[in-house]
Each structure stands twice: as structure tokens, then as C-alpha cells.
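Listed here are the chains, written in short residue letters.
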Amino acid sequence: MNSDLIVFIVLAIVSIATALGMVFSRNAVYSALFLVLNFITVAVFYLLLGAPFIAMSQVTVYAGAIMVLFLFVIMLLGAESISSTSDLPWQKPLAFTLALVLVVESIYLIVSRAQMDRVITAPDASINTVENLREMALTLYSQYLLPFEITSILLLVAMVGAIVLTKQEKAG
Amino acid sequence: MHLSESVSTGFFFLAPWLVFAPITGLLINAIFGKYFSEKVVGTVASLASGAAFVVSVLLAYSVSLNHGEVVRWQFAEWIHVGTLQLDWTFRMDSLSTTMMLVVSGVGTLIHIYAIGYMHEDVRFKHEEGRFTRFFIFLNLFIAAMMILVSGDSYMMLFVGWEGVGLCSFLLIGFWYEFDTLGRSSWANSNAAKKAFITNRVGDFGFLIAGFLMFWYLGSFQFDEVFKAAPAIAESAPWVIVAITLFMLVGVAGKSAQIPLYIWLPDAMAGPTPVSALIHAATMVTAGVYLVTRSAAIYTLVPQAQYIVAMVGAGTALFAATIAVGQYDIKKVLAYSTISQLGFMVAAVGMGAYVAGMFHLITHAFFKALLFLSAGSVILGLERGHHAHAHHAAHDDHGKGKKKEEKNHGHEEEHGEVFDPGDMRNMGGLRKTMPVTFWLYMIGTLALAGIFPFAGFWSKDEILLDASLHFPSVYWQLTIAAFFTAFYMGRQIWMVFFGEARSDAAKHAEESPKVMTVPLMVLAVLSVVGGALNLPFEGFHNLGHWLGHTIGEVEGLPLNLQVAGISTALALLAILISWFLYGRNPLKAGQIDPLKKPLGFVFTGMENKWFVDEGYFAVIINPFKKISAFLADVIDWRFWHDFVHDTVILGTYNWLSEIALNKYADQKGIDAFANWLGTATQSVSATLRKLQNGFVRSYALSVLLGVVLILGYLIFK
Amino acid sequence: MNSVPVDYYVLLSAILFTIGAMGVLIRRNPLIIFMSIELMLNAANLVFVAYASVFKSFSGQIFVFFVIAVAAAEVAVGLALIVQIFKAKKNINIDELNSLKG
């Protein structure tokens, strides 16, 4: 039982709690806010795992941009209440059961194949240097150049798509 | 084609023309006949027959040049199978050339006569188109008869045998849609069928004899059979007896002996030249020729010979009695033919082959003469009938009697049908038909056996032979000779003397020269024919001639006792007939004077002793009943209706309808197929529920899949 | 020795993933469903980064980088779609979108 482990467990509990909160919250805005909290928690996890850049981009993009987008749309529509009667009454119990089974299976798989010699140590301060970042950038732009370019095109396509989808016909 | 080595001279190469000259004649008439006039058709046919006669003369001459040695000339191969080697070979020896001469000679004369006869006959029957056909059939007959007499083996003989049987059928049934009186009827075709079928029974016997011959003697060829026969006669005599007796069955069929003679009187339905040629002179003598040819076999089995002789003698007497009671001029002559054939068969049965052949030849002459003269008489009556009827028709026309102008058939003009052959319609014809009268007289005297006509010599020789060795045969034949003279006398008085008993007889006209001239030739032959074999030393010409083939026979000298008895009986018979028929000639409608004294005997004679009726009752009607039974009950009702329809068809229908259709197909296969469809439908209806359109449930199924895969991976 | 076995991270990720999956299945509000999808993506990112740390490689982090970018694009388009659907149907019950019912 070391300090890393304690920190990990605390953060894990928080993330799970926020996740559950997101799923079961009746209010859509609350769900979004819960998710933001979850993202931030995950960002902290990234830091612990020695990926500061990813942590920052998670906070910036995910929690900052995506969730804001979500909140916008929720504001637009999310406040509508959904009727309580369901067309699929058997969906909920079945989903619960399956989720439970999945968890059990996952636990079993992970525990049975656990290799305790693979450990994660907390990073030292050297990961915050520019050198580290440069190395990552080099890998990104050399080895993963093609995915990078494609992703940029993908973003372009998404942008165009979003605009096209929401374009309104001129009335009259 | 090879000749036997001994031949150096002669016309033997002409032999195939015996057959092919008549064939050529018939082909010319068949193909071009419709373009020819009647005279041309008849001339072609007569020339064809005459050519065969010329060839026969040349062949006979050639044989005589070779001192009577046999010449065999293979013309074509026929059947070569294993040990059976059958060829079409022409055999020229004294016996076969004798037959050839008789057949073609008498045949040619009859062809010429037939030109005149058929010219009138087809007009009386209003069938002018049929003239050519008659001559085609006549030529076919000559060809077949030539094959018969020139054959070198029993099978070639049989080919000709069958051929003449066929021609007999064709010619008897020449007027197949009529009966003898010209009415539309089955009668003529029935007569033809009767002849053919009765002949068939005889042929069956011949074939059995042939099969036995091949099986035990190994061949059909004459010389080989005669060579092998004595050995078999030693070891298994029953074989030879069987062969000879079965051949006798064939002879009885073809030569009209008891019990198969019944076809010959019915065969008088054919035109008179047919009766003359086939049923008097030539075809019916084929049986006698067969026995004579098989002399070598018959002499080995005296018991069979005796049977042959008895059959012949019995037939001679039996038929003579029937002839006494007949009223139709041709029927008298028919039974006379049967009787005379009985003489011939008795002769060859006794072993007197020369006597038998001699009588065959003379009988051909005078019987052909008699038949053809009878034809002349019949036509004379027809002419008279039509001449008279025309007068009557002209008279009646004014009185308004109902008749048809176009068709002057016999029925339309009289209430009854006129029979030109019935002797009761004749009478006094010697005044109106003198030539025919004298010709008929010559024929009668020859047949009755009056010295010095031909019949006297030939019949006398038979009687002589019989008296020496076979007494019972002698007595039967003598009594038959008595009857022969009697019924011929009766015929002469009834036909030619007295007053005409009908209008037709009153107006009878003489026949034209084309008919009477051949008759004169035959009359001359009937007078001088006896010279062929006179019973005096040095004059046994025929015996010497035939002796080359059938073995030398010692010619018997004239026995005055036998000759005297037979002549006396003949003259007595003629006298008695004059008492009965000549002195007080019959009037029209008067019944026969013999009827009252003889009573039921005469009735029996009139009705041919009811033999045909007996055959019908014993054989034909039961046969018809059996075949009707087999056809109706067994074949139709049982086999067809029951087995086929009920059993087989019913089972099949049951199988296909009930078993296969209802159960197998509908309940079984259909049910299964339909179940497949409905099952698919219900499964799909069930599975369709999966596609409920809710995205969430699709997502659930994805998660389910993930869980399942993970579970599989865990438990692997 | 301050270390956490990597399997803990994997386990955490699995749990988060399952929660996300459950959210997709249970909720009828498409926005919540979308958010649950993001949660699932996040869980996967976590594992990537964890193993990148174990193996001292940058590839994992770069992959996460891409995932985040793609997620952003996806969210943009997806929200646009949801807005359009709302305009057509006037309510956002996802069960209303069942016209593909077979």
C-alpha cells in the first residue's frame, strides 16, 4: 500500500461515481456536468500515467469543447422531458444483467491474466520538459503522419457535414 | 449354276423359262394391262403359257436325247443353314417333263379358251375391268405349277404346292362379292376360303412329313432322301410309315381325297376355265405326282401303300355315288373329278405308278374338255337367257312392270334367280349347240371308258393292276366305273336331249371359235391319247419313258376279261340311264325319276351324304364355340375386363390415387413441403420481432454478442 | 516503490466501459446516450495511455490523441443530426425512431 495506490483508488472511486451519476441522472444538464467531472478525473489519471500533453488535450478538447457543445444542445433540446412509459420494458433489467455479466467476465479475465510485474510508477518531473514533448511530436509527425493528415481531413469533413446538416432551407 | 456331268446336248439351259415365261406374261399384263385391249391381254397370257409349253417340249426332247437320265440344274441358292442346304434346282427327268408337258399344254389351250369365255363372263357380270386380272392369276398359276413339277427337293415342290394353293384361292374367289348366280353374297369368297383352309390342313401333313424327312433322313433333296430311306426303313420303319402317311394327308388335301375333298365341289364357284385348269387337269394332280415321285419311299412300306390305295378306292366310289344325285352340270363334273382322282391315287397306292400317271394324262385331256364344254353350255344358256330377257323386257316395258333399265341382273328381271348351270333348266341343246354337243359326247365316252377312247386304256390298266393284286380295290373301282358311266349318261340325256325346259335353253347360242377350237384339240387328244401306253408289247411308251425315273415296270398285256367286264358295265350303265332319262325326257319342273325308287338313298346322294353338314357339326361349330368362348370369356371378360381392367388397372389406380396420391403425396410429401413453408413463415414471423426498429434493442444485442464472445474466450 | 499494477487501470477501464454501455442501453434521451458513448471512448483511452506508460512508448499517447480528435468530429456531426431529428419529430425520445421496424 503506497501513496500511488491510494491516490489511484480515490480517483477510481470518484470516476466511477461520476460515471454512474451521469448515467442515472434525470436531468440532462446534471448528466453533462457529471461527465465533465469524469473527464477531469481521467485527465488526472493521465497525469499520473506520465502523459501531460494528453491530459491537457483531454481537458481542453473533451471537457472544454465537446462538453460545451453538449451543453449547448442540451440547452436546446435536453430539457424536454421523456415520457416515463417505455416501449421496451424488458430492456432495463436485461441491460443490467448483461452489464453485470460483463463486469464479472472482465474481472475474471483481468484477474486471471494479471501480470503483477507490469507496474506503473509515478512519473518524475522530467516529463514536463520540452524535450519530452519534442520527442512525442517527432513520433507524431514522422511515424504517424498519415493518420494525422487523414484526421485533419476528417475534421474538415465533419465541419462541412455539420454545416450541411443544419442548413435551413430559405423559406419562400 | 452347274450341270451334271453327263449332259452334253440339249436345251436344259432353258429350264428357268418354264417359270419366268409365265411370270413375264403376268408382269406385262399387270403393268401395261390397262392400256391393252382384251384380245392383247389374252394373247400375251396365252403366249407366255405357250412359251412354257415350247420349253417343256424342248426339255422333254433333251431328256430323251440323254436316254432319260436325270439332269439337275441349280438356279439359285435359297437356304444354307447348318446342315440344311436348300437350293432352287431344276430337275429334268422323264417324270417331271411329263408333268410339264401336261400342265403347259392343257394350260395353254385353256388360256386361249378363256379369252373367249371371260370376254362374255365379265360382261354378264358387268365387271369389264376384271378381265386382265384373270389372266394375271392364270399365268401365276402356271408359274407356280412349273415350280412344283420342276423342283428338285421336297421343299421346292412345297413352294409350288403353296403357290398353286394360293392361285386356287385367288381364282375360285375371282367373283368374290357374288355367289354363283350373281347375287351379292359371301358365297364365293367362302368357297375360296374353304379351299385354302382345307388345303392348309393337307399342307400341315406335308410339312410334318417334310420335318420327319429332314430329321431322320437328313435332307429334302429327292436323290439324297431316296438313298437314305432304305437304311432307316430297316432300323426304324415307323419313320417311313409316318412320312408316307403324313404325305398322304397332303395328297388328300391337294388331290381331294377323303376326308379333305370337300373344297373341290365348292370350288366350282370359280369361272369355268379355272375349274378346268386347276381343279381337273393340273393342280389336283399334284398329289398324284407327289406320290409317284416318292415311289422309292412308298415301295419300302407296303402297309402305307395299302392305306393309300384304300383311300383312293373309297374316294372313287363315294364321290361317284354323289355325282349321281347332282343337278348342277359343274358339280357332276367336280365329283367326277374327285372320283377319277381316287382312281389315280388308288393306282399309285397299289404301286402302279405308270398306270396312275397315264390316267392323270388322259384325265387331263377329257376332263378339261368336259369342263370347258360345260362352260360353253353355261355361256350358251346365258346368251339365250339375255337374248330372251331383252325381248321380254321390251314387252314388259309397255305393261309398266317395275324394273331398272341400267342393271339387267338376273334378279331384276325375274322373280327368282336364273341358274344357267342347273341341268333342270337345260334340254335339247344338241339342236341349238351342235359343236358343243359332239365335243361333250367325245369327252363323256372317254370318261366312261368306252373303247377306243383314251379313258378306256388308262382306266383299264388301273383295273388290271388292281385285279391282280388288290381285289377289294378292284371291286370298288369297278363299281365306281359303273356309276361313272351312269351319271355321265344321265348328264347327256338331261342336257342335250329332249325338249328345252326353259326359255334360256330354247334360245341358247353356240360358242365362238376362240372357245371351240381349243376344245377340238382336246377332243382329238381324248380320242388318240390312249396311244401313249397301249397294253401291247412294244407299245408301252409311257411305261418305258417313266421307267427311267421310277424304275422299270413290266408292261402288262391286255386282259380281255377285265376289259370286257368294264366295257360291259359301262354300256349297261349308259343303257339304264337312257331308260330313265333318255327315253322319256324330263319335262320342266319334273322331279328326278330316281327319287322315288331310291328314296332316302337318293336324298343322300343329292345332299352329298351330308358330309359338309357333318363337318360343321363335329368340327367347325365346336371350334367356333371354343374360339368364341376363348375370345369372349377368357380373353375379353376374364383377361381384359377382369385382369386388366379390374385387377391391374384397379390396383394401379388404387396405388396412384389412394396410396400414392392421397397418402404419400398429399399427406406425406405435401404435408412436409407445406410444413416447410409454414415453419419458415412462423420462424420468420418470430424472428421478425427482433427487427423492432428500436435502436436500443439493437445495441443490446451487440452487447449480448460481446458478452457471449467473452464468455467463450473465458471458457476456451 | 510507488507503483500501481497496470491491471488496476485495466479493471477501472472495464468498469467505466460497462457503465457507459449500460447508459447507452438504458437511457432514452439521445444526448445521454451520446455522452455514454463518450464515456466508453474515454475508458478505452485510459487503457491506451496505461500501457503506453508501461512500455515507455509514445504510440499509445498518439493514438489517444487521434481518438480525441475523431471523437470531436463525431460529436459535431452527431449533435447536428440530433438537432435535425428533433426539428422533424418535435421530441427526442429515441424510441420514436423505429420506422425501420421489420
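Structure: see above.
Conventions and cut-offs
- Residues numbered from 1 in each chain as written.
- Chains lettered and ligands numbered in written order.
- Predicted model: local features only at pLDDT ≥ 70, side-chain atom pairs only at ≥ 80, totals over all residues.
- Helix = DSSP H or I, 4+ residues; strand = E, 2+ residues; numbered from the N terminus.
- Buried ≥ 20, exposed ≤ 12 C-beta atoms within 10 Å, placed from the backbone.
- Expected span 1.5 Å × (residues − 1).
- Pairing = 2+ DSSP bridges.
- Axes fitted to C-alpha atoms, helices over the stretch in contact; angles between N-to-C directions.
- Parallel < 35°, antiparallel > 145°, perpendicular 65-115°, else oblique.
- Contact = placed C-beta atoms within 7 Å.
- Nonpolar A, V, L, I, M, F, W, Y, C, P; charged D, E, K, R; others polar.

1. Concerning the overall build of chain C
Each helix and strand counted, chain C has 3 helices and 1 strand in total. Counting from the amino terminus, chain C carries its helices and strands in the arrangement β-α-α-α. By the burial criterion, 52% of the 102 residues in chain C qualify as buried.

2. A word on helix H1 (residues 6-26) of chain C
Given a rise of 1.5 Å per residue, 21 residues ought to cover 30 Å, and the 30 Å separating the end C-alpha atoms of H1(C) matches this to within 8%. The element H1(C) is extensively covered by neighbouring structure, given that 18 of its 21 residues are classed as buried.

3. Comments concerning the pairing of strand E1 (residues 71-81) of chain B
Residues and elements named next belong to chain B. Inspection of the sheet shows E1 paired to strand E2 (residues 84-92) by 9 bridges, in the antiparallel sense. Residue pairing across strands places Val71 opposite Met92, the latter belonging to E2. A loop of 2 residues connects E1 with E2, the two strands running antiparallel in sequence, and Gly82 in this loop sits at a positive phi of about 60°.

4. A word on the packing of helix H8 (residues 237-254) of chain B against helix H11 (residues 286-293) of chain B
All names here are of chain B. One way to put it is that H8 packs onto H11 with a least axis distance of 8 Å and a crossing angle of 155°. Taken as axis vectors, H8 and H11 run roughly antiparallel relative to one another. Residues Met247, Gly250, Val251 and Lys254 of H8 form the contact with H11, whose participating residues are Ala286, Gly287, Leu290 and Val291. Here the contact of H8 with H11 is built from residues that sort into 5 nonpolar, 2 polar and 1 charged.

5. What about the interface of chain A and chain C?
Facing the 74 residues of chain A at the interface are 64 residues of chain C. Every element with two or more residues in the side of chain A that touches chain C is listed here: helix H1 (3-24), helix H2 (28-48), helix H3 (52-78), helix H4 (91-112), strand E1 (119-121), helix H5 (130-142) and helix H6 (145-165) of chain A. Its residues assigned to classes, the side of chain A that touches chain C shows 51 nonpolar, 17 polar and 6 charged. Across 3 bridges, the pairing between E1(A) and strand E1 (residues 3-5) of chain C is antiparallel. Bridging across to E1(C), A:Ile120 finds its partner in C:Val4.

6. Considering the packing of H1(A) against H1(C)
Running from amino to carboxyl end, H1(A) crosses H1(C) at an angle of 5°, the nearest separation of the two axes being 9 Å. Classed by the angle they form, the pair H1(A) and H1(C) counts as roughly parallel. Facing A:Phe8, A:Ala12, A:Ser15, A:Ile16, A:Ala19, A:Leu20, A:Met22 and A:Val23 of H1(A), the residues of H1(C) in contact are C:Tyr8, C:Leu12, C:Ile15, C:Leu16, C:Ile19, C:Met22, C:Gly23 and C:Ile26. Residues of the contact of H1(A) with H1(C), tallied by class, amount to 14 nonpolar, 2 polar and no charged.

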